[in-house]
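Report on the structure
Each chain, letter by letter, is given below.
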Amino acid sequence: MIRDGETALDRLLETLSYQIKDPVTLYAAPIDALDTTPLPPITCFEVWPPLAAQTEIWAAGGIGPERLAVMHRVTGAKTTIFGRIDDHPAGTGFVAMDGKIAMLHALETLGEHRQKGLGRYMMRAMAIWAKAQGASHLTLLVTRANLPANALYTSLGFQPVGHYHYRIKPEAQ
């Protein structure tokens, strides 16, 4: 993992043929700047532990047992948001507290329910939950290649506050 300011290490690994993998942006937004108005009825629910339907949504998005285990290991305040559209399970996400910072993890909307506003609703639900927990900021990590997610987060007022990427050695040919 190469963080901001680790230019010398990054250059050294580049000269050794290590390739960049998964550039990531860390976003943050003040809770008070996020929309925390009430949501439409029967749209988003706080659920812990996650329901089987949520696990299925995550699996459909490539979020497997390793990332779900991260959620279960969290010892502080945490919840999932279960999103519904057109009376169907459609999305889910996880949010947890660390001091005054709420961190979003694994936001996923099923493909057939994208572009219907559910991502915005789930983000609002997470902000509402985080505000009730005393959070000052909501934060998240997303790969730069995930253009739809980056567009959603910036449209909601999130600002980049950090970056990192990995360097990996290509497999021998």
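Remember, it's a predicted structure, so these values are computed and weren't measured experimentally. (Residues numbered from 1 in each chain as written. Predicted model: local features only at pLDDT ≥ 70, side-chain atom pairs only at ≥ 80, totals over all residues. Heavy atoms only, no water.)

Quick word on the overall build of the chain
Heads up, the rule is: Strands here are runs of E lasting at least two residues and helices are runs of H or I lasting at least four, both read from the DSSP assignment and numbered beginning at the N terminus. C-alpha atoms define the radius of gyration, and 2.2 Å times the number of residues to the power 0.38 defines the globule rule.
Each helix and strand counted, the chain has 5 helices and 8 strands in total. The helix and strand sequence of the chain, counted from the amino end, reads β-α-β-β-α-α-β-β-β-α-β-α-β. Its C-alpha atoms give the chain a radius of gyration of 17 Å, near enough to 16 Å, the size a compact globule of 173 residues would have. Dimensions of the chain along its principal axes, counting C-alpha atoms only, are 55 × 35 × 30 Å.

Things to note about the side chain of Q54
Note the threshold: Pairing of N or O atoms within 3.5 Å defines a polar contact, subject to two protein rules: one partner must be a possible hydrogen donor and the other a possible acceptor, and residues neighboring in sequence count only if both atoms are side-chain atoms. The contact rule is simple, with two residues in contact once any of their heavy atoms fall within 4.5 Å.
Note on placement: Q54 falls in helix 2 (residues 52–60). Only 2.8 Å separates the side chain of Q54 from the backbone nitrogen of L51, close enough to count as a polar contact. There is a polar contact of 2.9 Å between the side chain of Q54 and the side chain of T80. With sequence-adjacent residues up to four places away left out, Q54 is seen in contact with V47, T80, I81, F82 and T92.

Here we look at the sheet that holds strand 3 (residues 44–47)
Our working definition: When DSSP locates at least two bridges between a pair of strands, those strands are taken to pair. Axis definition: a line fitted to C-alpha atoms, over the contacting stretch in the case of helices. Angles run 0 to 180 degrees between N-to-C directions.
Here 8 strands make up an open sheet; going across it, the order is 1-8-2-7-6-5-4-3 and the pairing mixed. Here the strands that pair on one side only, and so sit at the sheet edges, are strand 1 (2–3) and strand 3. Bridging between strand 5 (residues 88–98) and strand 6 (residues 101–109) involves 7 bridges; their strand directions are antiparallel. Within the sheet, the bridge partner assigned to M97 lies in strand 6 and is A102. Set on the sheet, helix 1 (residues 7–15) makes contact with strand 1 and strand 8 (159–168); between it and strand 8 the angle comes to about 30°. Those strands touched by helix 3 (residues 65–73) are strand 4 (78–85), strand 5 and strand 6, and its axis lies near 145° from that of strand 6.

A few points about the packing of helix 4 (residues 118–132) against helix 5 (residues 147–155)
Axis angle and axis distance: for two packed helices, these are the angle between their axes and the distance between the axes, and together they describe the pair. Note the threshold: An angle below 35 degrees is read as roughly parallel, one above 145 as roughly antiparallel, one from 65 to 115 as roughly perpendicular, and any other as oblique. The crossing is said to be left-handed when, going from far helix to near helix, the turn is anticlockwise and less than a right angle, and right-handed when the turn is clockwise. For this classification, the nonpolar set comprises Ala, Val, Leu, Ile, Met, Phe, Trp, Tyr, Cys and Pro, the charged set comprises Asp, Glu, Lys and Arg, and every other residue, Gly included, is treated as polar.
Remark: helix 4 packs on helix 5, axes separated minimally by 11 Å, with the N-to-C direction vectors making an angle of 50°. Put simply, helix 4 runs oblique to helix 5. In this structure, helix 4 crosses over helix 5, and the sense of that crossing is right-handed. For the pair helix 4 and helix 5, the contacting residues are G119, R120 and M123 in the first and L152, Y153 and S155 in the second. Residue classes in the contact of helix 4 with helix 5 are distributed as 3 nonpolar, 2 polar and 1 charged.

Points about unusual backbone geometry
The linkage connecting W48 with the following residue, P49, adopts the cis geometry, with an omega of 0°. Relative to the helices and strands, P49 is located in the loop between strand 3 and helix 2. Not every positive phi belongs to a glycine, and D22 is a case in point at roughly 50°. Looking at the secondary structure, you find D22 in strand 2 (residues 19–30).

A closer look at the nonpolar core
In a soluble, globular protein the nonpolar side chains are often hidden away together inside. Short version of the rule: Nine residue types can take part in a nonpolar core, namely buried Ala, Val, Leu, Ile, Met, Phe, Trp, Tyr and Cys, and a core is a set of them joined through side-chain atoms within 4.5 Å. Each residue is placed in one exposure class: buried if its accessible area under a 1.4 Å probe, protein chains only, is under 20% of its type's maximum, exposed if it is over 50%, and partly exposed if it falls in between.
Counting residues in each nonpolar core, the largest one holds 29 residues, and the members touching the most others are L107, M123, L138, L140, Y153 and F158. When residues of this core are traced back to their parent elements, those giving at least two are strand 2, strand 4, strand 5, strand 6, helix 4, strand 7 (137–143) and helix 5. With 8 residues, helix 4 is the single largest residue contributor to this core. Contact partners of L107, with chain neighbours within four places excluded, come to T92, G93, M122, M123, M126, L152 and Y153. In this structure, I63, M71, F94 and A96 belong to the second largest nonpolar core, which totals 7 residues.

Observations concerning the pattern of salt bridges
We count it as follows: By convention in these notes, a salt bridge is any Lys or Arg side-chain nitrogen within 4 Å of a carboxyl oxygen on Asp or Glu.
By the definition in use, this model includes 7 salt bridges. One salt bridge connects D22 with K21, and the closest N-O pair in it is separated by 3.8 Å. Classification of K21 as partly exposed rests on a relative accessible area of 38%. Here R124 ties to D35 by a salt bridge, and the two come within 3.5 Å at their closest N and O atoms. Note that R124 is positioned in helix 4 and D35 in the loop between strand 2 and strand 3, a separation of 89 residues in sequence. Since its relative accessible area comes to 38%, D35 is described here as partly exposed.

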